[in-house]
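Coordinates in review
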Amino acid sequence: MFGLMAVGSFSSGGLLRAYGWHTVLWASFVPLLLAVIVLILTKKYQANFSEQA
């Protein structure tokens, strides 16, 4: 876990230095969007599973 956090911190620092703050903010939406999609799919899967049981 620590290694993943360190990679994320260094990556965001590199983005900030190379492209600026707006790019870091827009790049942060990618994992957020991915998490929302996973939550929606999980909810649908659980609903389908409970209907079959």
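My aim in this report is to walk through the structure given alongside it, one point at a time. Within each chain, residues carry numbers counting from 1 in the order of the written sequence. Selection of residues for local features in this predicted model requires a pLDDT of at least 70, selection of side-chain atom pairs for listing and counting requires 80 or more, and totals for whole chains, interfaces and linings are taken over all residues. The side-chain values count all of the structure's non-hydrogen atoms but skip hydrogen atoms and water molecules.

1. Overview of the overall build of the protein chain
By the criteria applied, helices consist of DSSP H or I runs no shorter than four residues and strands consist of E runs no shorter than two, each listed in order from the N terminus. When helices and strands are counted, the protein chain shows two helices and zero strands. Computation of the radius of gyration draws on C-alpha atoms, with the globule rule given as 2.2 Å multiplied by the number of residues to the power 0.38. Radius of gyration (C-alpha) of the protein chain: 17 Å, far over the 10 Å computed for a compact globule of 53 residues. Viewed in the frame of its principal axes, the protein chain has a C-alpha envelope of about 55 × 25 × 10 Å. Counting the 53 residues in the protein chain, one finds 2% classified as buried. Just so you have it, the protein chain exposes about 5000 Å², and 74% of that area is on carbon and sulfur atoms. Any residue under 20% of the maximum accessible area for its type is buried, any over 50% is exposed, and the rest in between are partly exposed; the area is computed with a 1.4 Å probe on protein chains only. Working definition of accessibility: Shrake-Rupley area with a 1.4 Å probe, residue cover restricted to the visible protein chains.

2. A short note on the packing of helix α1 (residues 2-19) against helix α2 (residues 21-52)
Their axes nearest at 7 Å, the elements α1 and α2 cross at an angle of 140 degrees. Comparing the axis directions of α1 and α2 gives the class oblique. Across from Ser12, Leu15, Leu16 and Tyr19 in α1, the residues of α2 making contact are Trp21, Thr23, Val24 and Ala27. Throughout this entry, Asp, Glu, Lys and Arg are counted as charged residues, while Ala, Val, Leu, Ile, Met, Phe, Trp, Tyr, Cys and Pro are counted as nonpolar. The remaining residues, Gly among them, count as polar. Grouping the constituent residues of the contact of α1 with α2 by class yields six nonpolar, two polar and no charged. Simply put, an axis is a line fit to the C-alpha atoms, just over the touching stretch for a helix, and the angle between two N-to-C directions goes from 0 to 180 degrees. When an angle is under 35 degrees it counts as roughly parallel; over 145 it counts as roughly antiparallel; between 65 and 115 it counts as roughly perpendicular; any other value is oblique. Whether two residues touch is decided by their heavy atoms; if any such pair falls within 4.5 Å, the residues are in contact.

3. Considering α1
In a regular helix each residue adds 1.5 Å, so 18 residues correspond to 26 Å; α1 covers 25 Å between its end C-alpha atoms and thus fits that length. Positive backbone phi, at 105 degrees, marks glycine 20, one or two positions downstream of α1. Residue count minus one, scaled by 1.5 Å, sets the expected span of a helix.

4. Points about the packing of aromatic side chains
Classification of ring pairs uses Phe, Tyr and Trp, with its six-membered ring standing for Trp, and accepts pairs whose centres are within 6.5 Å; under 30 degrees between planes counts as stacked, over 60 as edge-to-face, and the remaining range as tilted. Going through the model one piece at a time under the given rule, you end up with one aromatic pair. With 5.5 Å between their ring centres and 55 degrees between their planes, tryptophan 26 and phenylalanine 29 make a pair best called tilted. Note that tryptophan 26 and phenylalanine 29 are positioned in helix α2 at a spacing of three residues, about one turn of the helix. The class of phenylalanine 29 is partly exposed, set by a relative accessible area of 43%.

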